[in-house]
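A closer look at the structure
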Amino acid sequence: MTSGLVRRRLPGGARILCLEAGSADAPVAVQLWIAAGTAAERPQEHGCAHLLEHMLFKPYAAGGPAAASGDLARAIETLGGDVNAFTSHDETVLHATVPSPAWGGAVDAILWAALRPALDAAETLREREVVVEEIKQYDDEPGQKSVQALLGRLHAGHAYARPVLGLTREVRSHTARRLRAFHRRTYAGERLTLVVVGPVAAADVVARARRLLAAAGEGAPLRRGRPAEAAPSRIHAIVDRGDVQEAHLFFGWRGPGLGDPAVAALDVAGVVLGHGEASRLVREVRRSASTSSVTSTPRSISRAGRHLRDRRPQRGRRRRGRRRPRSSRRSSA
């Protein structure tokens, strides 16, 4: 079963993309892309996008479809599937994989969880602390700290320079009321794109999703905003010394944003250079016993792109760090 990609735009602006593919017993992938990442946050909302993603896994509002009872993780697991989510600078994404007979229930559950979260005040207070522990975990990872310092330099003065998780003081300032305002403004209209791939009929997907997506309303217009600042005109070096087991060397430079014809070529170049055992950088560094790993990662985002290279020489003392905390979410990003 293979058909072309079907695109539908609803009156409120939300889009549905459906690709009929695979045999009748193949699984179905259901994803909801929301243009509500870190770059959509207002100054007082830093960290809201990621905290809200956490809250989508909490019990949501009653009154939804039968398959959307309880909370998102339980609903998808009951259908025999799995679900997860992530937040980036440009978007928040919920994604699930389920057996083909359960695709309709998965669409219901994901849309209801995203568009009708309860956002309970007590749950928000508890989940804030989960995110704070996540921030501490990242602060204790030399590689993550290095990447954030590099992004801060590459995108100085722009939302892309901010950490997706936010800062501890920012996250602890957020309330359920603030999350509701952010949700109302961004989880609607043209910011919503439902993607379904598998042995399903596109007409059935559109019919099933239309009601819930239409009820989301139009929300705030999707504004691309100003582009990221011009790339630095000269080479900068940042050195952060610490008690670590391995040194992390990151090289980064600005590239084109999504929509630029060069993006696809840069993605291919990144794979050739640093993805997989046969990539050129991996083969080259194996000649040196002092390097444990190397990667090359192009990342295209709406208003700018970046290309990062990571090399880890095996030097330094053993790092004494805190244990990684476990999230209270049933499914974590």
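Above: the structure in question.
Residues numbered from 1 in each chain as written. Predicted model: local features only at pLDDT ≥ 70, side-chain atom pairs only at ≥ 80, totals over all residues. Heavy atoms only, no water.

**Some details on the overall build of the protein chain**
Counting secondary structure elements, the protein chain contains 10 helices and 9 strands. Across the 333 residues that make up the protein chain, the buried fraction comes to 45%. Long-range pairs, those at least 24 residues apart, make up 76% of the contacts in the protein chain with a sequence separation of at least 6. Of the accessible surface of the protein chain, which amounts to about 17100 Å², a share of 51% is contributed by carbon and sulfur atoms. (Helix = DSSP H or I, 4+ residues; strand = E, 2+ residues; numbered from the N terminus. Buried < 20%, exposed > 50% of the residue type's maximum accessible area, 1.4 Å probe, protein only. Contact = heavy atoms within 4.5 Å. Areas by Shrake-Rupley, 256 points an atom, 1.4 Å probe, with all protein chains shown as cover.)

**Things to note about the environment of Thr186**
Position of Thr186 relative to the elements: it lies in helix H7 (residues 176-186). For Thr186, a relative accessible area of 0% translates into the label buried. With 151 residues separating them in the primary sequence, Thr186 and Ala35 have C-alpha atoms 7.2 Å apart. Contacts of Thr186, omitting those with residues within four sequence positions, involve Ile34, Ala36, Ala40 and Arg191.

**A short note on the pairing of strand E5 (residues 92-98)**
Here E5 lies mainly inside the structure; 5 of its 7 residues are buried. Here strand E3 (residues 28-34) pairs with E5 via 7 bridges, running antiparallel. The partner of Ile34 across the bridge, within E5, is Thr92. Of the strand pairs in this sheet, strand E4 (residues 82-87) and E5 are connected by 6 bridges, and their pairing is antiparallel. Among the inter-strand pairings, Asp82 is bridged to a residue of E5, identified as Thr97. What sits between E4 and E5 in their antiparallel hairpin is a turn of 4 residues. (Pairing = 2+ DSSP bridges.)

**A short note on the packing of aromatic side chains**
In total, this model carries 1 aromatic pair according to the counting rule given. With centroids separated by 6.0 Å and ring planes inclined at 85°, the aromatic side chains of Trp33 and Phe86 adopt a geometry described as edge-to-face. In this pair, Trp33 is assigned in strand E3 and Phe86 in strand E4, connecting sequence segments 53 residues apart. The partly exposed category is assigned to Trp33, whose relative accessible area is 32%. Taking NZ or CZ as reference, Arg116 lies 5.9 Å from the ring centre of Trp112, over its face. (Phe/Tyr/Trp six-rings, centres within 6.5 Å; stacked < 30°, edge-to-face > 60°. Lys NZ or Arg CZ within 6 Å of the ring centre and 35° of its normal.)

**Quick word on the nonpolar core**
Generally speaking, soluble globular proteins have nonpolar side chains that are buried together. Core analysis: the biggest nonpolar cluster contains 60 residues, and Leu72, Leu194, Val196 and Leu213 have the highest contact counts within it. For this core, the element with the most residues is helix H3 (residues 103-115), which contributes 10 residues. Apart from residues no more than four positions distant in its own chain, Leu213 is found in contact with Leu10, Ala14, Ile16, Leu111, Leu115, Leu192 and Leu194. (Core = buried A, V, L, I, M, F, W, Y, C linked by side-chain atoms within 4.5 Å.)

**Section: the packing of helix H1 (residues 48-55) against helix H4 (residues 121-139)**
In a packed pair of helices, the relevant descriptors are the angle between the two axes and the axis-to-axis distance. At a minimum axis distance of 10 Å, the contact between H1 and H4 shows a crossing angle of 120°. Seen from above, H1 lies across H4 with right-handed handedness. Between H1 and H4, the residues in contact are His50, Leu51, His54 and Met55 and Glu123, Thr124, Glu127, Arg128, Val130, Val131 and Glu134, respectively. Of the residues in the contact of H1 with H4, the class split is 4 nonpolar, 3 polar and 4 charged. (Axes fitted to C-alpha atoms, helices over the stretch in contact; angles between N-to-C directions. Left-handed = near helix turned anticlockwise from the far one by under 90°. Nonpolar A, V, L, I, M, F, W, Y, C, P; charged D, E, K, R; others polar.)

**Thoughts on the environment of Leu151**
Considering the arrangement of structural elements, one finds Leu151 in helix H5 (residues 142-154). Separated by 10 residues in sequence, Leu151 and Ala161 have C-alpha atoms that sit 5.3 Å apart.

**Topic: the side chain of Glu20**
Along the chain, Glu20 turns up in strand E2 (residues 15-21). One buried charged residue, Glu20, remains without a salt bridge, the closest side chain of opposite sign being Arg8 at 8.4 Å. A distance of 3.3 Å separates a polar side-chain atom of Glu20 from the backbone nitrogen of Ala202. (Lys, Arg positive; Asp, Glu negative; His and termini not counted. Salt bridge = Lys/Arg side-chain N within 4 Å of Asp/Glu carboxyl O. Polar contact = N/O pair within 3.5 Å; in protein donor to acceptor, adjacent residues only side chain to side chain.)

**Quick look at unusual backbone geometry**
Trans peptide bonds make up the majority, and among non-glycine residues the majority have a negative phi. At Leu119, a position not held by glycine, the phi torsion is positive, near 50°. Along the polypeptide, Leu119 turns up in the loop between H3 and H4. Residue Leu119 is classed as buried on the basis of its relative accessible area, which comes to 4%.

**Some words on the packing of H1 against H7**
At a closest axis distance of 10 Å, the pairing of H1 and H7 adopts a crossing angle of 95°. Considered as vectors, H1 and H7 are oriented roughly perpendicular to each other. Taking contact as the criterion, the partners of Cys48, Ala49, Leu51, Leu52 and Met55 in H1 are, on H7, Arg178, Leu179, Phe182 and His183. Its residues placed into classes, the contact of H1 with H7 shows 7 nonpolar, 1 polar and 1 charged. (Parallel < 35°, antiparallel > 145°, perpendicular 65-115°, else oblique.)

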